[in-house]
Amino acid sequence: MALTLGMITFDTTDPGPLAKWWAKQTAGTVEQENDGWFYVVALPDSAQKLAFQKVGDPTPGKNRIHLDLASDDLDGEVGRLSAEGATEVAQHEMGDFRWVTLADPDGNQFCVSGPHT
């Protein structure tokens, strides 16, 4: 028996706007809105989903799990995400591989890199 990934869930005090922000950034679709407390975003061309659940007190500090996203145009994508409300946290480089850590409007950190080869 093996586990499969059901979805990646974010805890937040206001799941609606955060779900809609991530849907827009990933070209996904908000496919469920459950009485304002649990939203599901379907990602295009993928069985994976992002979920956003309302909690009274999200865990403080840096999140221990984060999304690693890739783009053919790293600098352009970071600029677009920043214009949409993301905050740049840090830029990183390891040999020829570059990535940028950002935070979404709720403070959840995620990384964007060039293509993974």
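That block above? That's the structure.
Residues numbered from 1 in each chain as written. Predicted model: local features only at pLDDT ≥ 70, side-chain atom pairs only at ≥ 80, totals over all residues. Heavy atoms only, no water.

Engineer: What exactly am I supposed to notice about the pattern of salt bridges here?
Structural biologist: Side chains carrying opposite charge are able to pair once their charged atoms draw close together. As enumerated under the stated definition, the model contains 4 salt bridges in all. The residue arginine 98 makes a salt bridge to aspartate 75 at a minimum N-O spacing of 2.6 Å. Here aspartate 75 lies in helix H2 (residues 74–83) and arginine 98 lies in strand E7 (residues 97–103), a separation of 23 residues in the sequence. Of the residues examined, arginine 98 reaches a relative accessible area of 30% and is grouped as partly exposed. For the salt bridge of arginine 80 with glutamate 77, the shortest nitrogen-to-oxygen distance reads 2.6 Å. With arginine 80 and glutamate 77 both in helix H2 and 3 residues apart, this pair spans about one turn of that helix. (Salt bridge = Lys/Arg side-chain N within 4 Å of Asp/Glu carboxyl O. Helix = DSSP H or I, 4+ residues; strand = E, 2+ residues; numbered from the N terminus. Buried < 20%, exposed > 50% of the residue type's maximum accessible area, 1.4 Å probe, protein only.)

Engineer: Is there a simple way to explain the sheet that holds strand E5 (residues 68–70) in this structure?
Structural biologist: The strands making up a sheet associate through backbone hydrogen bonding, with each pair oriented either parallel or antiparallel. With mixed pairing, the 4 strands of this open sheet are ordered in space as E5-E8-E7-E6. Edge strands, defined here as strands with exactly one partner in the open sheet, are E5 and strand E6 (87–94). Each neighbouring strand pair of the sheet contributes to a mean axis angle of 25°, computed without reference to strand direction. On top of the sheet, H2 reaches E6, E7 and strand E8 (109–113); it is set at about 5° to E7, its chief contact. (Pairing = 2+ DSSP bridges. Axes fitted to C-alpha atoms, helices over the stretch in contact; angles between N-to-C directions. Contact = heavy atoms within 4.5 Å.)

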